[in-house]
Structures are given as structure tokens and as C-alpha cells.
Amino acid sequence: MAVMNVDGAGAPSAGPPPSPTALAGRAFGAVPPPALVLVGIVSVQVGSALAKHLFGAVGSFGTVALRLFFAAAVLLAAWRPSLRMGRRAWTAVLGYGVVLGVMNLCFYMALARLPLGIAVTTEFLGPLAVALGGSRRWLDALWALLAGGGVALLTEGRGDLDLVGLLFALAAGACWGLYILLGAALGRHTTEGNGLALAMAVAALVAVPFGVVDSGTALVTPWVLLAGLGVALLSSVVPYSLELEALRRIPPHVFGILMSLEPATAALIGLVVLGESLHWSQWVAVLCVMAASAGATRGARPEA
């Protein structure tokens, strides 16, 4: 119920209650950017682990199609974005959406051939390149190098790896680097979640045709639709919303270093959810990437 105020003339007046999206925006604004990034990391990796269980039913392309379709539907319903935007805003939306769609297609193709920790570790080379290329302080470069050492250690103890899977993961990494840079541009030229909702719709338009051709009517099986909705929320809606808000408040290279926790988180979730064991050297890698992320968070300027 809205709270009513009485003015001097005795006439009641009441403002409209804040919308759920406005309340969400206020909540995001109160959370430190590093915390937003960390919650997004955990969410997307749990979603990736769950998505791997869908591969047997609808394949990697079908899983991507479900993920991006439901993510776009949820975000469009939540934000109801206007199509009236400037040229720069539309350029950012289209670029971000296409890269997002291609990144997901490549990553799920890699995930079908590699353990979760290895796929994410290889893909992480993209954000690491952003961190190294965008750094202006020697200390940031040191944290990036430490994270890179952790990435190298994560690949130890896994035996032979599928070459095609590694190539798909590298392609996904290149898209991930572009995603960070384009995400910063999307945050500058759009407000709240409007740009993200439109970009997710573009990503769905890129991926859904692949899923329909590859999986056909299996996509509309009730339990598959329900699982796809869960994967969409965990892997797209929650993490991308949090990351976009974080990118509005921290530089891309700091964001890239914070994302060094992604391989360690993926390896740990792969162990717990998928039963993918870790070599001792990979536990050392976990400490390396956690130390790098903590150092980058500590060194980030509040005004950034």
C-alpha cells in the first residue's frame, strides 16, 4: 500500500510505488562492484555445470538456444526497453549481442569436449588479454601475471585434451575479451538493463536457429524447457546483469583481473557438481587466481 501524504490544503497525494526494476537498480547500486562480479561468477559456473546435463537431450547448440531464448524473454519482460535509441546505443547493443551469441555457441561446443575447469581456463585467456592490455600500473600487470600463472597450472594433470574443444574455447575467449570491452560501451550508452535486454534478444536471434536445426522438437519437451529456463537464469540473466552493473563502475581492465576467479570457480564447481577431480597443481592454481583477484580488488580506486 502506498503511503499517502496530506498537503496544506488537506488534499491527499501519493506517488506511485517504485517498480521492481527500480528497486533492483537501487539494490545493485548499494553493492560493491567486486561483490557483483563474484556473485555473477558463481552463478554462471553453476549454470554451466547444469547445462552440461542437458547436452544428452538437446546437444550443445540446443542448450545455448534455450539459455539465450529464455534469458532474452525474462530480460525483455522485466525491462520493457524502448527501441528509440541513438546510433551509438544501437551499435553497442548489436555488437554486444552478436558477440554474446557467438561466445556462447563456441563455449558450449568446447564444454561438450572438455572438462568445465579446462574449458573456462582456456576461455579466460580473453579476459586476461584485456587485463594486460588495459593496465596502466605495474601492480595491475603483476596481478594479471599471477592470474596467468594460475591459468597455466589449471591445465596440468588432465592428460590428453581434445584439440577441437581447445580451439572452440580459444574462440570463446576472444569473444569474451570483446564482450568485456563492448559491455563497458553498452553501459555507457544505455541505462539500467534496457541495453542488456535488447542485446540478449540479438544474441538469441544468433543462437536459436542453430539449436532448432540441431535439436528440432526435442527443444519443446516440458522438462527440457524447465531446465533451460533454470540455465538461462543462472548462466545469463543473473551474471550478465551483475557484470553490466559492475562494468558501469569499474574500468574494463580491473574487471578482467577480477574475472581471474572464473577458472578456479569452474574447477571447484566441476568437482562438486560434475565429479571432475582436481590435480594438486590445480589447487595451487586456485590460490594464485584468488590472490590475483584479491590484489586487484584491493588496488582498485573507489572513484573508478
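Residues numbered from 1 in each chain as written. Predicted model: local features only at pLDDT ≥ 70, side-chain atom pairs only at ≥ 80, totals over all residues. Heavy atoms only, no water.

Let us look at the overall build of the chain. When helices and strands are counted, the chain shows 13 helices and two strands. Contacts in the chain between residues at least 24 apart in sequence constitute 88% of all its contacts with a sequence separation of at least 6. Surface accessibility of the chain: about 13700 Å² in total, with carbon and sulfur atoms responsible for 69%. (Helix = DSSP H or I, 4+ residues; strand = E, 2+ residues; numbered from the N terminus. Contact = heavy atoms within 4.5 Å. Areas by Shrake-Rupley, 256 points an atom, 1.4 Å probe, with all protein chains shown as cover.)

A few words on the state of the cysteines. Think of a disulfide as a covalent bridge from one cysteine sulfur atom to another cysteine sulfur atom. Taken as a whole and judged by the stated rule, the model has zero disulfides. The cysteine C175 is free of any disulfide, with C106 supplying the nearest cysteine sulfur at 5.3 Å. (Disulfide = S-S within 2.5 Å.)

In this section: the packing of aromatic side chains. Counted under the stated rule, the structure contains five aromatic pairs. Both rings, one in F69 and one in F70, keep their centres 5.5 Å apart while their planes meet at 70°; by these two values the pair is edge-to-face. Take F69: its relative accessible area is 47%, and that puts it in the partly exposed class. For the pair F107 and Y108, a centre-to-centre distance of 5.8 Å together with 70° between the ring planes defines the contact as edge-to-face. Here F107 and Y108 have matching classes, each one buried. Taken together, the ring pairs connect F55, F107 and Y108 into an aromatic cluster. (Phe/Tyr/Trp six-rings, centres within 6.5 Å; stacked < 30°, edge-to-face > 60°. Buried < 20%, exposed > 50% of the residue type's maximum accessible area, 1.4 Å probe, protein only.)

A surface patch of nonpolar side chains, about 380 Å² in accessible area, is lined by L125, L163, L167 and L170. Here L170 lies in helix α8 (residues 163–189). (Patch = residues over 30% accessible without salt bridge, like charges linked within 9 Å, V, L, I, M, F, W, Y side chains within 5 Å. Salt bridge = Lys/Arg side-chain N within 4 Å of Asp/Glu carboxyl O.)

For the rest of this paragraph, the subject is the packing of helix α4 (residues 87–111) against helix α9 (residues 194–215). For the pair α4 and α9, the least separation of the axes is 7 Å and the interaxial angle reads 40°. Relative to α9, α4 is oriented oblique. Along this stretch, α4 crosses α9, giving a crossing that reads as right-handed. Between α4, through W90, V93, L94, Y96, G97, V98, L100, G101, V102 and L105, and α9, the contact on the second element is made entirely by G195, L196, L198, A199, M200, V202, A203, V206, A207 and F210. Taken together, the residues of the contact of α4 with α9 break down into 17 nonpolar, three polar and no charged. (Axes fitted to C-alpha atoms, helices over the stretch in contact; angles between N-to-C directions. Parallel < 35°, antiparallel > 145°, perpendicular 65-115°, else oblique. Left-handed = near helix turned anticlockwise from the far one by under 90°. Nonpolar A, V, L, I, M, F, W, Y, C, P; charged D, E, K, R; others polar.)

When pLDDT is averaged along the chain, the result is 82, and 83% of the positions lie at 70 or above. The weakest mean pLDDT in the chain belongs to strand β1 (residues 5–6) at 42; the strongest belongs to α4 at 94. Within the model, the stretch residues 1–13 combines pLDDT values under 50 with 11 contacts to residues more than four positions away or in other chains. (pLDDT = per-residue confidence, 0-100.)

This part is about the nonpolar core. By size, the foremost hydrophobic cluster in this structure holds 72 residues, and its most contacted members are L100, F107, L116, Y179 and M200. A total of 12 residues in this core trace back to one element, the largest contributor, which is α4. Once residues lying within four places of it in the same chain are set aside, the contact partners of Y179 are Y96, V99, L100, M103, Y240 and E243. (Core = buried A, V, L, I, M, F, W, Y, C linked by side-chain atoms within 4.5 Å.)

Following the sequence through the fold, E243 ends up in helix α10 (residues 222–247). No salt bridge is formed by the buried E243; its nearest oppositely charged neighbour, R67, is found at 8.3 Å. If sequence neighbours within four positions are ignored, E243 has contacts with Y179, F255 and M259. (Lys, Arg positive; Asp, Glu negative; His and termini not counted.)

Moving on: unusual backbone geometry. Positive phi values are uncommon outside glycine, yet R80 reaches one of about 45°. Of note, R80 is situated in the loop between α3 (55–79) and α4. Taking the relative accessible area as the measure of exposure, R80 reaches 71% and is therefore exposed.

This brings us to helix α2 (residues 33–52). Along its 20 residues, α2 runs 29 Å from first to last C-alpha, staying within 8% of the 28 Å computed at 1.5 Å per residue. Those residues of α2 that sit buried are P33, L36, V37, G40, I41, S43, V44, Q45, G47, S48, A49 and A51. (Expected span 1.5 Å × (residues − 1).)

Moving on to empty space enclosed by the protein. All told, the structure shown has one cavity of 30 Å³ or more when counted by the stated rule. Of the volumes computed, that of the largest cavity is approximately 180 Å³. Looking at the largest cavity, it is lined by 14 residues, and the ones nearest its centre are V44, R67, M103, E123 and Y240. Going through the elements one at a time, α2, α4, α8 and α10 are the ones with two or more residues in the lining of the largest cavity. (1 Å grid on protein atoms, 1.4 Å probe; cavity = no way out; pocket = protein on both sides within 12 Å on 5 of 7 lines; lining within 4 Å. Points joined across faces, edges and corners; volume = space filled by probe spheres on them.)

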